[in-house]
Each structure stands twice: as structure tokens, then as C-alpha cells.
Amino acid sequence: MTTQTDTTYRRLLRSRTDRKVVGVCGGLGEYFDVDPTLVRIAVVLGSLFTGGTLVIAYLAAALFIPES
């Protein structure tokens, strides 16, 4: 006999409620269950330390991650 399991998948989505620019950091915070403010601080610091490369990744995420 086979047992049917209920598997719930989390999806990475941009937040509609917790957004400052386009909702990427809010969506990442919801996905990883972390305060979105910490994600925003990490993105700003990461952008400073990578010479702006993380800004390109943020813009790509804004384009490719669907909105909730």
C-alpha cells in the first residue's frame, strides 16, 4: 500500500507588503524566515564590498523573481 504525503513547497516570491523598492529583500526575508531589515543591510554591505556587483544581482532578482 502506498502512502500519500502532503509536501508543501516554498516559493521565492517578491513581497507586495514588505517592500522598499521592488520587494526582493522582503521576499528573501519571508523565504528564509529572517527579518527583511537584516537582508537589506546585508545587500547594502555586500554591494559596498563587491564594488556594486550585488546591485546587478538585485536587479536581476527584481526581474526574474515573480511577485506574490
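Refer to the structure above for everything that follows.
All of these numbers come straight from a predicted model, not from anything done at the bench.

**A short note on the packing of aromatic side chains**
Part 1 of the argument: The tally for this structure, following the rule as stated, stands at one aromatic pair.
Part 2 of the argument: Look at Tyr31 and Phe32: their rings are 5.0 Å apart centre to centre, the planes differ by 90 degrees, and that puts the pair in the edge-to-face class.
Part 3 of the argument: Given the relative accessible area of 53%, Phe32 is considered exposed.
Part 4 of the argument: The ring of Tyr31 is capped by Arg10, whose NZ or CZ atom sits 4.3 Å from the centre of that ring.

**A closer look at the side chain of Arg14**
Part 1 of the argument: One can find Arg14 in the segment before helix 1 (24–32).
Part 2 of the argument: A polar atom in the side chain of Arg14 sits 2.9 Å from the backbone oxygen of Ile65.
Part 3 of the argument: Excluding anything up to four places from it in sequence, Arg14 contacts Arg19, Val22, Gly23, Val24, Gly27, Ala61, Ala62, Ile65, Pro66, Glu67 and Ser68.

**Some words on the pattern of salt bridges**
Part 1 of the argument: Here the structure, examined in full by the defined rule, presents four salt bridges.
Part 2 of the argument: Across the pair Arg19 and Glu67 runs a salt bridge whose closest N-O atoms are separated by 3.2 Å. Highlighted residues: Arg19 in the segment before helix 1 and Glu67 in the segment after helix 3 (53–64), separated in sequence by 48 residues.
Part 3 of the argument: With a relative accessible area of 32%, Arg19 lands in the partly exposed category.
Part 4 of the argument: Classification of Glu67 as partly exposed rests on a relative accessible area of 34%.
Part 5 of the argument: Residues participating in the shared-partner salt-bridge network are Arg14, Arg16, Arg19 and Glu67.

How each quantity is defined
Residues numbered from 1 in each chain as written. Predicted model: local features only at pLDDT ≥ 70, side-chain atom pairs only at ≥ 80, totals over all residues. Heavy atoms only, no water. Phe/Tyr/Trp six-rings, centres within 6.5 Å; stacked < 30°, edge-to-face > 60°. Buried < 20%, exposed > 50% of the residue type's maximum accessible area, 1.4 Å probe, protein only. Lys NZ or Arg CZ within 6 Å of the ring centre and 35° of its normal. Helix = DSSP H or I, 4+ residues; strand = E, 2+ residues; numbered from the N terminus. Polar contact = N/O pair within 3.5 Å; in protein donor to acceptor, adjacent residues only side chain to side chain. Contact = heavy atoms within 4.5 Å. Salt bridge = Lys/Arg side-chain N within 4 Å of Asp/Glu carboxyl O.

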